[in-house]
Amino acid sequence: MSVIEQVIFVGTGCSSNTPALKCLLEKKPSCKVCLSALSEQGWRNRRKNPSVLIRVRDHKDPQGRLRNILVDCGKTFYRMVQLSATFSQSALDIFPRYDIQELDALILSHGHADAMLGLDDLRSWTSGGRLQTSVPIYLNEETFEVVSRAFPYLVNKANATGGGEVASFTFNVIKANESFEIAGLDIVPLPVHHGIYMQTKEPYWCFGYRFGKQVSCITDANYVPPETMEKMKDSDMLIVDCLREDPYPSHFGYHEALALVDELKAKDNYFIGMAHNLEHGDLEQRLAEYSAMHNLNVRPAYDTLKVDISSNGETTESTWRC
Ligand SMILES: [Zn+2]
Ligand SMILES: [Zn+2]
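Remember, it's a predicted structure, so these values are computed and weren't measured experimentally.

What about the state of the cysteines?
In step 1: Taken as a whole and assessed by the stated rule, the structure comprises 0 disulfides.
In step 2: Free of any disulfide, Cys217 has its nearest neighbouring cysteine sulfur in Cys206, separated by 9.4 Å.

Pasting the structure below:
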């Protein structure tokens, strides 16, 4: 059985990132978190769209490199923005730091811009086969339709215009109730509600994913149905959406995210998807106090965070930025 040895948080913010454009463009910017994100010491408040890299030891190739499974590739996957004197923390600097040169799979949670607009930037990844000739993508039918509309040339190169050089993908359409395997790791879709369709008021479904026994990851959710909760039981690590203090129509707030943590009681829990209302240091302290009171381990993730998982399940956090 393949095992996960590392989890790397590529992006831990929400759809509009931190710092938020609206806060910095005010005549007299006053948002504490967004201003902090510009400073060197406030770099943990600088957050991109949610994206998590799962690194797996393939049991069929125990001496080989770790296999890389990326969850989501949004607007900020490749973002070359100089904020004050600091780095952008995009794939451009995270991937070389952690020696990521091949994507064994890219799994999409849903068809929103912050989950899939970075697909186009993978052009240089596959161009000329320099890193790899094609990236396998796993996504549900609805997300595939969105990708097809947004990027017709990525689904069928015959739709390309201009020079015709586009990213090369292999699309694998997955179903809500069917698990699939990557590098010997069993992956189970975790269907959750992520708001509604404005016209029909029907729930909009997003897929979280469970990776083997170890990790359940939900990037975007405001409700987890009981049958999905069942599929997450006994996970060692839970990664869950926490947008802000109060609930939002399409995301968990602080208390909803903690309720999920309380119910599942995974050994390690990380919040992602935070908006600019949550300051990293404040959130870390509150969660530490909550963890101590409830015998849990809940922490806010931050962009660049690497969590190593030892063979006995112990986790160690690090980043090159400290
Ligand atoms: Zn702000
Ligand atoms: Zn979304």
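Some thoughts on the coordination of the zinc ion (ligand 2)
In step 1: With distances of 2.1 Å, the protein atoms coordinating the zinc ion (ligand 2) are His110 (NE2), His112 (ND1) and His194 (NE2).
In step 2: Within one chain, the residues donating to the zinc ion (ligand 2) are spaced in sequence as H-x1-H-x81-H.
In step 3: On the basis of relative accessibility, which here comes to 1%, the residue His110 falls in the buried class.
In step 4: His112 sits in the partly exposed class, given a relative accessible area of 32%.

Considering empty space enclosed by the protein
In step 1: Under the counting rule described, the total for this entry stands at 1 cavity of 30 Å³ or more.
In step 2: Roughly 40 Å³ of volume is contained in the largest cavity.
In step 3: Lining the largest cavity are Val10, Gly11, Lys48, Asn49, Ser51, Cys73, Gly74, Thr76 and Phe77.
In step 4: Of the residues in the lining of the largest cavity, the class split is 3 nonpolar, 5 polar and 1 charged.

Examining the coordination of the zinc ion (ligand 1)
In step 1: On the protein side, the zinc ion (ligand 1) has Cys23 (SG), Cys31 (SG), Cys34 (SG) and His276 (ND1) as donor atoms, found 2.0 to 2.3 Å from it.
In step 2: Coordination at the zinc ion (ligand 1) is tetrahedral, judged from the 4 donor atoms that bind it and the angles of 96 to 117° they form at the metal.
In step 3: Here the donor residues of the zinc ion (ligand 1) are spaced in sequence according to C-x7-C-x2-C-x241-H. Remark: His276 occurs in the loop between strand 12 (268–272) and helix 10 (280–294) and Cys23 occurs in helix 1 (residues 21–24); sequence separation between them is 253 residues. Considered together, Cys23 and His276 belong to a single accessibility category, that of buried residues.

As for helix 9 (residues 254–264)
In step 1: Within the sequence span of helix 9, burial applies to Tyr254, Ala257, Leu258, Leu260, Val261 and Leu264. Down the axis of helix 9, the sector holding all buried residues measures 155°, keeping them to one side. Turned more than 90 degrees away from the buried face of helix 9 sit His255 and Glu263, all of them exposed.
In step 2: Against the buried residues of helix 9 lie helix 8 (226–232), strand 11 (237–241), strand 12, helix 10 and strand 13 (298–300).

Cut-offs used in this document
Residues numbered from 1 in each chain as written. Chains lettered and ligands numbered in written order. Predicted model: local features only at pLDDT ≥ 70, side-chain atom pairs only at ≥ 80, totals over all residues. Heavy atoms only, no water. Disulfide = S-S within 2.5 Å. Donors = N, O, S within 2.8 Å, 3.2 Å for Na, K, Ca; no water. Buried < 20%, exposed > 50% of the residue type's maximum accessible area, 1.4 Å probe, protein only. 1 Å grid on protein atoms, 1.4 Å probe; cavity = no way out; pocket = protein on both sides within 12 Å on 5 of 7 lines; lining within 4 Å. Points joined across faces, edges and corners; volume = space filled by probe spheres on them. Nonpolar A, V, L, I, M, F, W, Y, C, P; charged D, E, K, R; others polar. Tetrahedral: all angles 85-135°; square planar, octahedral: opposite > 155°, others 65-115°. Helix = DSSP H or I, 4+ residues; strand = E, 2+ residues; numbered from the N terminus. Arc of directions from axis to C-beta. Contact = heavy atoms within 4.5 Å.

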